[in-house]
Amino acid sequence: MTSKLTEKQKATLWQQQRAASYQASCRLAGYTSTESLIVAEHAEERLASLRRQYGG
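Residues numbered from 1 in each chain as written. Predicted model: local features only at pLDDT ≥ 70, side-chain atom pairs only at ≥ 80, totals over all residues. Heavy atoms only, no water.

Draft legend 1. Highlighting the overall build of the protein chain. Scanning the protein chain for helices and strands turns up 2 helices and 0 strands. For the protein chain, the residues scored as buried account for 2% of the 56 residues in total. Approximately 5800 Å² of the protein chain is accessible, and the part contributed by carbon and sulfur atoms is 54%. (Helix = DSSP H or I, 4+ residues; strand = E, 2+ residues; numbered from the N terminus. Buried < 20%, exposed > 50% of the residue type's maximum accessible area, 1.4 Å probe, protein only. Areas by Shrake-Rupley, 256 points an atom, 1.4 Å probe, with all protein chains shown as cover.)

Here is the structure:
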């Protein structure tokens, strides 16, 4: 039996698919990216760290 995805899981899955699609599109167009992609989990951890540091 399969369970339904939560809204957070749906959003994460959509972001991952969007990033993969964008990267594939860039490769097809011949573009190369030297920028590292930010993973949502790492971004949230960084934001939490900055909020603690600056009292936000």
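Draft legend 2. Looking closely at the pattern of salt bridges. Going through the model one piece at a time under the given rule, you end up with 1 salt bridge. With a closest N to O distance of 3.5 Å, Glu-7 and Lys-10 form a salt bridge. On the criterion of helical spacing, the pair formed by Glu-7 and Lys-10 is a turn pair, its members being 3 residues apart in helix α1 (residues 7–29). Take Lys-10: its relative accessible area is 42%, and that puts it in the partly exposed class. (Salt bridge = Lys/Arg side-chain N within 4 Å of Asp/Glu carboxyl O.)

Draft legend 3. Highlighting α1. When the terminal C-alpha atoms of α1 are compared, their 33 Å separation across 23 residues agrees well with the 33 Å that a helix rising 1.5 Å per residue should span. At the exit of α1 stands Gly-30, carrying a positive phi of roughly 90 degrees. (Expected span 1.5 Å × (residues − 1).)

Draft legend 4. The arrangement of helix α2 (residues 40–54) in detail. The first and last C-alpha atoms of α2 sit 21 Å apart over 15 residues, in line with the 21 Å expected at 1.5 Å per residue. Positive backbone phi, at 70 degrees, marks Gly-55, one or two positions downstream of α2.

Just geometry here; none of it tells us what the structure is for.
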